[in-house]
Each structure stands twice: as C-alpha cells, then as structure tokens.
Amino acid sequence: MHRVRETTPLAQSFTNFVTINLVANAQLAAGGTAAMSFLPDDVIETAKIAGANYINVGTLLPFYKDALPEIAQRLNYLDKPWVLDPVAAGIGRTRTSILQAFKAAPPTVIRANASEVIALANMWGLNTESAGDASEHRPAGVESVDDVDSATGAAVALARYLTEQHAKHSSHDASIPCAVAVSGIADLVTDGETVYRLSGGSSMMTKITGAGCSLGGVVATYLAVSDPLTAALSASLLYNRAGEVADTTSHGPGSFQVAFLDALWNVTAEQVAESEILVQ
Ligand SMILES: Nc1ncnc2c1ncn2[C@@H]1O[C@H](COP(=O)(O)OP(=O)(O)O)[C@@H](O)[C@H]1O
Ligand SMILES: Cc1ncsc1CCOP(=O)(O)O
Ligand SMILES: [Mg+2]
C-alpha cells in the first residue's frame, strides 16, 4: 500500500460501462492511476507502460468476442499481469465464448463473487467438487446466489490452474503463485494451497453497483507493485476496512458510495496490516 501511494502505478482497465467511473476513481483513491481502453492495439500499447491490467466482462459489445481473446493472448505473450472479473459468468453465448477463450490465455488473478467463480470453474472443467454442483448451479446474473463457502473448491482449483499455466508459459518466477479472490460476507482468497478468510466490510457494499468491479480494479493497482496473493489480500482487506468506515458515516447508498471512496483514500496501510486473516 505504501509503494502504491509513493509510486502511483498505472493499472489499465477494459471494463464495463456501468461501473467504469467507480473503477477509475477507486484506483486513484487507493493511490494508483487509471487508463480505460477497448481496442486491442490501444490496450496492448498501453499495457507496455502499465504495471498491470484488468478485464471485466460486465457489459459486452459484438466486437469483444474477437477483441478480448486477442488481448488476453497478447498480454500473456508479453508477460503482462492481468486481473479478470468474470461478471455474470454463464450468461449468454458471447460471454461464455469469451470466458472459454481465457482458459488458454488465463489471467494472473481472478476476482469474482461466489456464483461467478463456481460458473467459471465448471466452464473450464476444473471444479473438483461433486458434479452435482455443476448441474444444480445456475448462472446468477451479476449478483451471487451462492455463498462463499460453496465456492471454496472452485476457487482452489482455479488458483492452481492459473499457477500451473503461468509457470509453463511465463518467464516470471514459476514459484510465484497466482490467486483467486471470492467476495461475499466473509471473503475468500487463495493461492491454490492456502485458503484465507477475511471478515468485515458492509452489506451496503452490495447496494452500490461497482463494489466488486472496482475491487477488481484495485487488485490490479496492487498487482502492479506486488505478487498476486498479496495484491488480492491487500485490496480485499482495504475494501472491508473502507466499507466499515463508510457504513458509520453514511445514511443510504448515495452517501455510502461517496463515503466509501473517501475511505479508500483515508484507510491506512497500518489499518489493513492489523486486519484479521483466518487460515481455513
Ligand atoms: N454482506 C456483506 N457484508 C460485508 N461485505 C460484503 C458483503 N457483500 C459483499 N461485501 C463486500 O463487497 C465487495 C463486493 O463484493 P460482491 O458484492 O460480492 O461483488 P460483486 O459486486 O462482484 O457481486 C467486496 O469487498 C465484499 O467483501
Ligand atoms: C449492473 C451491471 N450490469 C452489467 S455490469 C454491472 C455492474 C456489476 O458491478 P458489480 O459486480 O461490482 O456489482
Ligand atoms: Mg461483480
């Protein structure tokens, strides 16, 4: 967190139109800087000066079906770290085609809610839990209909897959694991070996659109200066501390969003470092 505030790293985002402004403002509040791009050559040129990148599939346009797989392949070819938020995973042929394409050119970190993590692991054929989960599971749209606990197996399987793939194809130190962050009442973060649980935050965070999307953007800001697990843990802890502060100083979703952005700016690295992290 200190390094972000001292160096103002650029994390580039290809993200949805609903929450794009909150993503950029949350990255700036955390101490980073933002650039939003959509055309492959623009994204790849910007990736050359960015510390990390973020792809969020919340809103789709027809050209994304070709653009996003191309961007993912070129980011991985250039060894550029990136975060994926697979918003509404399972909904629609175009989104499924894009998310399937990411299996061959995977992200460094996945940040999603429980339903999206389960849907993505099933889509990639990874979920080690009983097949029943796959058949019972239905796409949930943007919000989660599953609890975080039920996504544990899927999150661990995804983190292991990301780590294996990046160890094979990246010049990065193969010993640095990738990470998956599952948001919810008590967040789950894993590197595929250890499962961490982070309690706290505020239920009001589900009443502003973009809390999850902007969390993905701040994970990318931290990924610009740290390893995937540290970035996922730090951003998730920052969000929980900021949600608690905003909860006490707001009177509804409008003032909550404003208070939350201020809290992202004001919560200190020490407050995050003092947070409780449970090892599951
Ligand atoms: N009931 C809750 N209590 C506390 N924090 C929550 C709750 N639900 C979500 N959060 C927090 O809100 C943020 C967004 O999470 P979530 O709403 O699950 O993402 P998404 O918007 O992608 O579904 C995360 O920081 C998460 O920890
Ligand atoms: C409502 C909506 N529709 C498409 S993307 C989006 C925003 C989702 O944001 P978040 O996942 O942070 O709630
Ligand atoms: Mg979301």
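Residues numbered from 1 in each chain as written. Chains lettered and ligands numbered in written order. Predicted model: local features only at pLDDT ≥ 70, side-chain atom pairs only at ≥ 80, totals over all residues. Heavy atoms only, no water.

Caption draft 1: Highlighting the pattern of salt bridges. All told, the structure shown has 6 salt bridges when counted by the stated rule. Two residues, R74 and E70, come together in a salt bridge whose shortest N-O distance is 2.8 Å. On the criterion of helical spacing, the pair formed by R74 and E70 is a turn pair, its members being 4 residues apart in helix 4 (residues 64-77). By relative accessible area, which is 32% here, R74 ends up partly exposed. Close ionic contact of D149 with R197 constitutes a salt bridge, the shortest N to O distance being 2.6 Å. (Salt bridge = Lys/Arg side-chain N within 4 Å of Asp/Glu carboxyl O. Helix = DSSP H or I, 4+ residues; strand = E, 2+ residues; numbered from the N terminus. Buried < 20%, exposed > 50% of the residue type's maximum accessible area, 1.4 Å probe, protein only.)

Caption draft 2: Main features of the packing of helix 3 (residues 40-47) against helix 4. Direction vectors running N to C along helix 3 and helix 4 enclose 25°, while the axes themselves pass 10 Å from each other. Overall, the two elements helix 3 and helix 4 adopt an arrangement that is roughly parallel. Here helix 3 runs over helix 4; the crossing is right-handed. Contact residues: P40, D41, V43, I44 and A47 in helix 3; A67, E70, I71, R74 and L75 in helix 4. Looking at the contact of helix 3 with helix 4 residue by residue, the classes come out as 7 nonpolar, no polar and 3 charged. (Axes fitted to C-alpha atoms, helices over the stretch in contact; angles between N-to-C directions. Parallel < 35°, antiparallel > 145°, perpendicular 65-115°, else oblique. Left-handed = near helix turned anticlockwise from the far one by under 90°. Contact = heavy atoms within 4.5 Å. Nonpolar A, V, L, I, M, F, W, Y, C, P; charged D, E, K, R; others polar.)

Caption draft 3: Inspection of the site of ligand 2 at higher detail. Taken together, the residues surrounding ligand 2 are N16, V18, T19, G58, T59, V142, E143, T209, G210, A211, G212 and C213. In this structure, an oxygen atom belonging to ligand 2 sits 3.0 Å away from a main-chain N or O atom of G212. (Near = heavy atom within 4 Å. Polar contact = N/O pair within 3.5 Å; in protein donor to acceptor, adjacent residues only side chain to side chain.)

Caption draft 4: Structural detail: the UniProt feature "binding site: ATP" (unreviewed entry) in the protein. When the UniProt feature table is mapped onto this chain, "binding site: ATP" (unreviewed entry) is found at R111 and S183. What stands out for the annotated residues spanning 73 residues is how close their C-alpha atoms remain, the widest pair being 7.5 Å apart. Along the chain, the position of R111 falls in strand 5 (residues 109-113). Every residue in contact with R111, bar those within four places of it in the chain, is listed here: V83, L84, D85, P86, A181, S183, G212, C213, L215, G216 and V219. Its location among the elements puts S183 in strand 6 (residues 179-183). Excluding residues that lie within four positions of it along the chain, S183 makes contacts with R111, A112, N113, A114 and V148. There is a polar contact of 2.6 Å between the side chain of S183 and the side chain of R111. (UniProt positions renumbered as here; feature names shortened; annotations may be inferred.)

Caption draft 5: Up close: a nonpolar patch on the surface. A contiguous nonpolar patch, built from F17, L39, L61 and F63 and spanning about 360 Å² of accessible area, is present on the exposed surface. Take L61: it is sitting in the loop between strand 3 (52-56) and helix 4. (Patch = residues over 30% accessible without salt bridge, like charges linked within 9 Å, V, L, I, M, F, W, Y side chains within 5 Å. Areas by Shrake-Rupley, 256 points an atom, 1.4 Å probe, with all protein chains shown as cover.)

Caption draft 6: View of the site of ligand 1. With respect to spatial proximity, 19 residues lie near ligand 1, and among them R111, N113, S183, D187 and T206 are the closest. Between ligand 1 and R111 there is a distance of 2.7 Å, counted from an oxygen atom to a side-chain nitrogen or oxygen. In the environment of ligand 1, an oxygen atom lies 2.8 Å from a nitrogen or oxygen atom belonging to the side chain of S183. Here ligand 1 has 550 Å² of accessible area as a free molecule, and 88% of this is covered by the chains.

Caption draft 7: Region of the structure containing the nonpolar core. Counting residues in each nonpolar core, the largest one holds 47 residues, and the members touching the most others are V218, Y222, L238, Y239, F260 and L264. Sorting the residues of this core by element identifies helix 2 (20-29), strand 3, strand 6, strand 8 (195-198), helix 9 (211-223), helix 10 (228-248), helix 11 (253-266) and helix 12 (269-273) as the ones contributing at least two each. The contacts of Y239, once residues within four sequence positions are left out, are A26, M205, A211, S214, L215, V218, F260 and L264. Judged by nonpolar contacts, the second largest core, of 45 residues, contains L75, L99, L120 and L126. (Core = buried A, V, L, I, M, F, W, Y, C linked by side-chain atoms within 4.5 Å.)

Caption draft 8: Highlighting the packing of helix 10 against helix 11. Two elements in contact, helix 10 and helix 11, have axes whose closest approach is 8 Å; the angle formed by their N-to-C orientations is 130°. In terms of their interaxial angle, helix 10 and helix 11 are classed as oblique. Every pair of crossing elements has a handedness; the one defined by helix 10 and helix 11 is right-handed. Contacts between helix 10 and helix 11 pair L238, Y239, A242, G243, V245, A246 and D247 from the former with F256, A259, F260, A263 and L264 from the latter. Across the contact of helix 10 with helix 11, the residue classes break down as 10 nonpolar, 1 polar and 1 charged.

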